[in-house]
Amino acid sequence: MDEVAEQQAEQNNQPPYWTSVGIAGLIFGIIVFALSLVTSYAMINSEPTGSLFSPVQLLGVFVCLVGAFGGMLAIWHYANEYDISIKLGKGALIGLFTGICIALVTVVFNQIWQFIDPDMTQKLIDSTIANFEASELPDDTKQQMIDSTVQSMRDQNSIGTQLLYNLPMYGILNVLTGMIGAKVFGKKEG
Amino acid sequence: MQIRQPILYASILLLVFVVVLVAMGGGLFNQSTPWPVQWQHQSFNSLCHQIADRSFWISGQPMAVCSRCMGIYSGFALGWVLLPMLSLMKITRVAYIKKIVVFVLLFNLIDAAGNFFGLWQNTLVSRTVLGGMLGSSTALIFIGDFFQHN
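Nothing here was measured: the structure is a model prediction, and the numbers come from that model.

Asks: In this structure, what is going on with the packing of helix H2 (residues 18-44) of chain A against helix H5 (residues 88-116) of chain A? I would like to understand it.
Replies: Two quantities define a packed helix pair, namely the angle between the axes and the distance from one axis to the other. All names here are of chain A. Where H2 meets H5, the closest approach of the two axes is 7 Å, and the angle between their N-to-C directions is 45°. One way to sum up the angle between H2 and H5 is to call them oblique. Along this stretch, H2 crosses H5, giving a crossing that reads as right-handed. Looking at side-chain class alone, the contact of H2 with H5 contains 17 nonpolar, six polar and no charged residues.

The following block contains the structure:
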């Protein structure tokens, strides 16, 4: 058997990674969704300051890039579960699927939340408008900002728009963390 | 010089540059739509706090990510580009690099915490430098995986 065929056979014999992808995707999807919910309600309940960003968003300083680490968790789980070596390419692939899973879970939870609190988007829009109204921008700029932001916030409710914005970035960043995970957690060959 | 997994290396190089370009925001392309609703900002919406005061500005518009995230992405891109040259250093103990990554990561967390609790005031540049150190040291984990000098 030649080397390529041997490698192919080895790859085929490796256990499936879907459980790890699913677990990491679900955990990080819930974390990302929960963080966006906290930020949204904090914005709804805050007084309009005229600033485009509320002070509660400073909390985000600690959670930057949190959604990018799903790939690493998936690899850690996969490597721990089966005690096998993971090639960089496979780590990237697992990371990509985990990123897609995170984006899908976030979208699904967002849609479910629309049934739990159907007024959330409207409250968020009202809060944003109040914030713009309190700002010191010139009137025509203010109105332009309000119109485009409100339109964008309404568009974000659609599944297609959410997937369009979330899938590529979560996919790419989790590819990178998947590779890092393969390097850090994968058992050394030989 | 022997190149291993060239397709994977080139794909990541391309993806990382796409991320850096998108992270630079609409100011780079002089987009006329208000920056909070530009697609670049929407793409990073759930990945970064995007506070304008904590971001670099291009053409009167803030970048789509904060200065620390920009440092991480650009640092990783720089480290990835330099991998062929850095592999000349023949660093075989990747464990050392992993320790450096953990150290720089802790350094970033301490810096963010100190600033948050008012112990000190970090700046755009200091956050970018620390983020850049984290990004570039992370890329160095892959030293020896793609390029080997005989």
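Asks: Would you mind showing me how to read the packing of aromatic side chains here?
Replies: Geometrically, a pair of aromatic rings is defined through the distance of the ring centres and the angle of the planes. What the rule picks out here adds up to 18 aromatic pairs over all chains. Consider the rings of A:Tyr17 and A:Trp18, whose centres lie 5.1 Å apart with planes at 45°: the pair is tilted. Accessibility expressed as a relative area gives 13% for A:Tyr17, which makes it buried. Pairwise contacts between aromatic rings join B:Tyr9, B:Phe76, B:Trp80, B:Phe142, B:Phe146 and B:Phe147 into one cluster.

Asks: Any chance you could explain the interface of chain B and chain A here in plain terms?
Replies: Contacts between chain B and chain A engage 40 residues on the former and 35 residues on the latter. Summing the contributions of chain B and of chain A, the shared interface buries around 3300 Å²; its carbon and sulfur component is 78%. On the chain B side of the interface with chain A, the three residues burying the most area are B:Gln42, B:Leu47 and B:His49, jointly 18% of the side's total. Run the count over chain B and chain A and you get one salt bridge. Taking the shortest distance from any N to any O, the salt bridge between A:Lys183 and B:Asp145 comes out at 2.6 Å.

Asks: I keep staring at the environment of A:Ala130 and nothing clicks. Help me out?
Replies: Among the structural elements, A:Ala130 can be located in helix H6 (residues 120-134). Residues A:Ala130 and A:Lys87, spaced 43 residues apart in sequence, show a C-alpha to C-alpha distance of 52 Å.

Asks: Just to check I follow, could you spell out H2(A) for this structure?
Replies: Side chains of residues three or four places apart in an α-helix project in the same direction, reflecting 3.6 residues per turn. All names here are of chain A. Between its first and last C-alpha, H2 extends 38 Å over 27 residues, near the 39 Å set by a 1.5 Å rise per residue. Buried within H2 we find Ser-20, Val-21, Ala-24, Gly-25, Phe-28, Gly-29, Val-32, Phe-33, Leu-37, Ser-40, Met-43 and Ile-44. Looking at the buried residues of H2, the elements they touch are helix H4 (70-82), H5, H6 and helix H8 (159-185).

Asks: Looking at this model, I keep getting lost on the pattern of salt bridges. Mind explaining?
Replies: Opposite charge on two side chains permits pairing when their charged atoms draw close. Residues and elements named next belong to chain B. In the structure shown here, the tally under the stated rule is three salt bridges over all chains. Put simply, Arg-68 and Asp-111 hold a salt bridge, and the shortest N to O gap is 2.9 Å. With Arg-68 in helix H3 (residues 67-86) and Asp-111 in helix H4 (residues 94-116), this residue pair connects regions lying 43 residues apart in the sequence. Residue Asp-111 is classed as buried on the basis of its relative accessible area of 10%.

Criteria and thresholds
- All residue numbers refer to positions counted from 1 along the written sequence of the respective chain.
- The naming scheme follows written order: chains are lettered A onward, ligands numbered 1 onward.
- In view of the model being predicted, local features appear only for residues whose pLDDT reaches at least 70, and side-chain atom pairs are presented and counted only at 80 or more, with totals across whole chains, interfaces and linings using the full set of residues.
- Side-chain measures were taken over the full set of non-hydrogen atoms in the model, leaving aside hydrogen atoms and water.
- Lines fitted to C-alpha atoms define the axes here, with helix axes fitted over just the stretch in contact, and angles between the N-to-C directions of these axes take values from 0 to 180 degrees.
- The numbering of helices and of strands both runs from the N terminus, where a helix is a DSSP run of H or I of at least 4 residues and a strand a run of E of at least 2.
- In this scheme, roughly parallel covers angles under 35 degrees and roughly antiparallel covers those over 145, while 65 to 115 is roughly perpendicular and the rest are oblique.
- With the far helix as reference, a near helix turned anticlockwise by less than a right angle produces a left-handed crossing, and one turned clockwise produces a right-handed crossing.
- The classification used treats Ala, Val, Leu, Ile, Met, Phe, Trp, Tyr, Cys and Pro as nonpolar, Asp, Glu, Lys and Arg as charged, and all other residues, Gly among them, as polar.
- Only centres within 6.5 Å qualify two rings of Phe, Tyr or Trp (six-membered ring in Trp) as a pair; their planes then separate them into stacked at under 30 degrees, edge-to-face at over 60, and tilted for everything else.
- Here's how the labels work: a residue is buried when its accessible area is under 20% of the maximum for its type, exposed when over 50%, partly exposed in between, all with a 1.4 Å probe on protein chains only.
- By definition in these notes, contact holds between two residues if any of their heavy atoms fall within 4.5 Å.
- Joining two parts hides part of their accessible area as seen by a 1.4 Å probe, and the buried area is that hidden amount summed over both.
- Salt bridge, as applied in this entry: a Lys or Arg side-chain nitrogen positioned within 4 Å of an Asp or Glu carboxyl oxygen.
- Here, expected helix span is obtained from the residue count minus one, scaled by 1.5 Å.

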